[in-house]
Amino acid sequence: MTILEVLAAQCLDSRGNPTIQVDVRTSQGIFRARVPSGASTGKHEAIELRDHDKPAFGGKGVLKAVSNVQDAIGPALMEKMFDVKTQQKDIDSFMCELDGTPNKGRLGANAILGVSMACARAGAAAAEMPLYEFLRLEANQQGVYVLPVPFFNMLNGGVHSGNTMAFQELMVAPTGAQSVTQAVQMGSEIYHALKDVITKKYGPEATGIADEGGFAPPITTLDEGLNLLSAAVAAAGYTGMVRYAIDPASSEFFKDGHYDLGFKTGTPCLKAPEEMMELYSQVLADWPIALLEDPFAEDDWESWTKFHSNCSHELVGDDLLVTNINRVKIAHEKKACNAMLLKVNQIGTVSEAIEAAKFAKSLEWSVFVSHRSGETVDDFIADLTVALSTGHMKAGAPCRGERVAKYNRLVEIEAESKTSWKPWAFAGENYRFPSVSII
């Protein structure tokens with residue numbers, strides 16, 4: 001099934017900034033992908049191409065990327081006559097070669113990824129199978145089909161919100177649920193209970209939401225946030241059925257060897273890496289924490305390694321690894337972490353993201369699939385999470401269309417599973433290593 005046409009356009013993401021939309025046409029129809037964008041981006045990520053034309057969208061336009069799809073990538077792919085049904089890896093590899101840079105800086109990772117995702121959808125249609133099945137075959141994933149535990153964003157700080165909390169994200173994971181459907185219900189009910197808790201404590205004006213749909217009340221510390229979550233979980237009737245997760249996104253407040261917890265207040269509150277280790281260790285001891293993501297900056301290898309040597313929790317590298325096998329290899333050698341966050345736009349093609357996940361798993365690491373703060377209604381990562389049997393995924397709060405699109409897709413896949421002959425399971429308490437734990 002060859003590609004007949006490749007079109008691209010500029011559209012808006014959930015923050016109202018431009019992003020790229022790509023349509024791939026085959027004889028079976030038109031297959032669309034929309035590319036997300038991050039706010040707290042690692043400096044080692046593949047390059048998102050922006051126009052830097054100040055009068056238009058403050059320089060954030062993506063018309064250069066659109067042009068690269070239509071004038072360079074599309075014609076080159078059509079000339080090669082790739083079969084989308086069987087040549088996803090070849091398509092992605094060819095686009096990387098066409099770009100010719102190590103970070104996709106010439107054509108843009110956003111341009112390349114849009115085509116890669118759209119081609120995957122076209123390939124799934126050509127193979128007459130759901131997208132998750134097509135991606136599963138691409139990954140050569142074996143065993144039980146695993147539905148993930150959704151990790152819901154509940155409270156925001158960092159660069160995603162206007163409050164003074166340095167830490168970017170506090171999540172709730174319904175690990176005690178028996179299905180995705182029940183987990184989504186639990187997440188929604190806890191979210192609404194949290195709104196009531198915040199209203200009673202701080203007033204209705206404190207219930208504004210941040211980039212990923214989580215609330216951003218006037219809190220500063222992790223304990224303040226976790227106490228709010230605990231109260232909401234209790235009010236919703238789910239005490240003992242959930243765990244919490246924390247993403248400090250600490251690269252955003254690391255400078256000159258110190259972490260500035262007051263970076264949003266104008267009054268520095270500098271912490272040495274050792275003090276941050278003590279802070280995190282206390283939180284992990286006091287609360288039922290499922291995972292800790294990016295507790296240290298992207299190049300603070302020494303702190304990562306030292307903390308990991310005494311940490312049995314899931315320690316996830318995001319900015320540290322940027323879904324890049326080369327960074328994963330370095331982290332493994334340094335014994336810096338034990339899990340990889342998977343963001344497809346950090347690396348720029350579907351095939352490279354899959355290979356990074358497979359490599360991380362070969363190291364006996366866990367893999368945590370993630371959205372970005374600047375999202376669209378594209379639900380690709382839901383299928384990818386099921387395809388790779390990663391056991392857990394985060395897509396933001398259980399509100400806002402661009403977030404719930406992913407969760408609703410998981411519910412759809414679960415409904416399909418009930419009429420399938422295939423062996424299916426919900427990850428539940430085995431969210432970290434479901435392929436090993438679920439039989």
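Residues numbered from 1 in each chain as written. Predicted model: local features only at pLDDT ≥ 70, side-chain atom pairs only at ≥ 80, totals over all residues. Heavy atoms only, no water.

J.: Is there a simple way to think about the overall build of the chain in this case?
T.: Scanning the chain from terminus to terminus reveals 14 helices and 16 strands. With respect to the principal axes defined by its C-alpha atoms, the chain has extents near 60 × 55 × 45 Å. Burial analysis of the chain (439 residues in total) assigns 61% to the buried set. Of the contacts made within the chain by residues no fewer than 6 positions apart, 69% connect residues no fewer than 24 positions apart. When the accessible area of the chain is evaluated, it comes to approximately 16,400 Å², of which 51% is carbon and sulfur surface. Positive and negative side-chain charges in the chain, numbering 40 and 55 respectively, have mean positions lying 1 Å apart. (Helix = DSSP H or I, 4+ residues; strand = E, 2+ residues; numbered from the N terminus. Buried < 20%, exposed > 50% of the residue type's maximum accessible area, 1.4 Å probe, protein only. Contact = heavy atoms within 4.5 Å. Areas by Shrake-Rupley, 256 points an atom, 1.4 Å probe, with all protein chains shown as cover. Lys, Arg positive; Asp, Glu negative; His and termini not counted. Charge placed at Lys NZ, Arg CZ, Asp CG, Glu CD.)

J.: Can you walk me through the packing of aromatic side chains in this structure?
T.: Remark: the centre distance and the inter-plane angle together describe each pair of aromatic rings, the angle taken between the planes. This structure, assessed with the given rule, holds 18 aromatic pairs. With a centroid separation of 4.8 Å and 35° between ring planes, the pair formed by Y145 and W424 is classed as tilted. Remark: W424 occurs in strand β16 (residues 424-426) and Y145 occurs in strand β4 (residues 145-147); sequence separation between them is 279 residues. Under the relative-accessibility criterion, Y145 is labelled buried at 7%. An angle of 85° between the planes, with centres 6.0 Å apart, marks the rings of F167 and F253 as edge-to-face. Linking F167 in the loop between β5 (149-156) and β6 (169-173) with F253 in the loop between β7 (243-247) and β8 (254-255), this pair joins segments that are 86 residues apart in sequence. Residue F167 is classed as buried on the basis of its relative accessible area of 3%. Of the residues examined, F253 reaches a relative accessible area of 3% and is grouped as buried. Ring-pair connections join several aromatic residues into one group, and the members of that group are F167, F253, F254, Y259, F263, Y280, F296, W304 and F307. The lysine or arginine in question, R136, covers the ring of Y145, its NZ or CZ lying 3.6 Å from the ring centre. Across the ring face of F359, the terminal group of K329 is positioned such that the distance to the ring centre comes to 5.8 Å. (Phe/Tyr/Trp six-rings, centres within 6.5 Å; stacked < 30°, edge-to-face > 60°. Lys NZ or Arg CZ within 6 Å of the ring centre and 35° of its normal.)

J.: I keep staring at the side chain of R136 and nothing clicks. Help me out?
T.: As for its position among the elements, R136 is in helix α4 (residues 131-139). Buried charge without a partner: R136 forms no salt bridge, and the closest opposite charge is E133, 4.5 Å away. Aside from chain neighbours lying at most four places away, what touches R136 is Q141, Q142, G143, V144, Y145, A387 and S389. (Salt bridge = Lys/Arg side-chain N within 4 Å of Asp/Glu carboxyl O.)

J.: In this structure, what is going on with the sheet that holds strand β1 (residues 5-12)? I would like to understand it.
T.: As a general point, the strands of a sheet are linked pairwise by backbone hydrogen bonds and lie either parallel or antiparallel. Judged by pairing direction, the sheet is antiparallel, and its three strands sit side by side in the order β1-β2-β3 without closing on themselves. One side of each edge strand has no neighbouring strand; the edge strands of this open sheet are β1 and β3 (29-34). Taken pair by pair, the neighbouring strands of this sheet meet at an average axis angle of 25°, ignoring direction. Pairing geometry for β1 and strand β2 (residues 18-26), over eight bridges, is antiparallel. Bridge assignment links C11 to a residue of β2, and that residue is T19. (Pairing = 2+ DSSP bridges. Axes fitted to C-alpha atoms, helices over the stretch in contact; angles between N-to-C directions.)

J.: Would you explain the pattern of salt bridges in this entry?
T.: Pairs may arise between side chains of opposite charge once their charged atoms sit close together. Under the defined criterion, the tally for this structure stands at 23 salt bridges. Between K43 and D299 there is a salt bridge whose closest N-O contact spans 3.0 Å. Linking K43 in the loop between β3 and α1 (63-80) with D299 in the loop between β11 (289-293) and α8 (301-308), this pair joins segments that are 256 residues apart in sequence. Taking relative accessible area as the criterion, D299 reaches 32% and is therefore assigned partly exposed. The salt bridge partner of K422 is E133, with a shortest N-O separation of 2.8 Å. One end of the pair, K422, is in the loop between α13 (401-417) and β16; the other, E133, is in helix α4, and 289 residues separate them in sequence.

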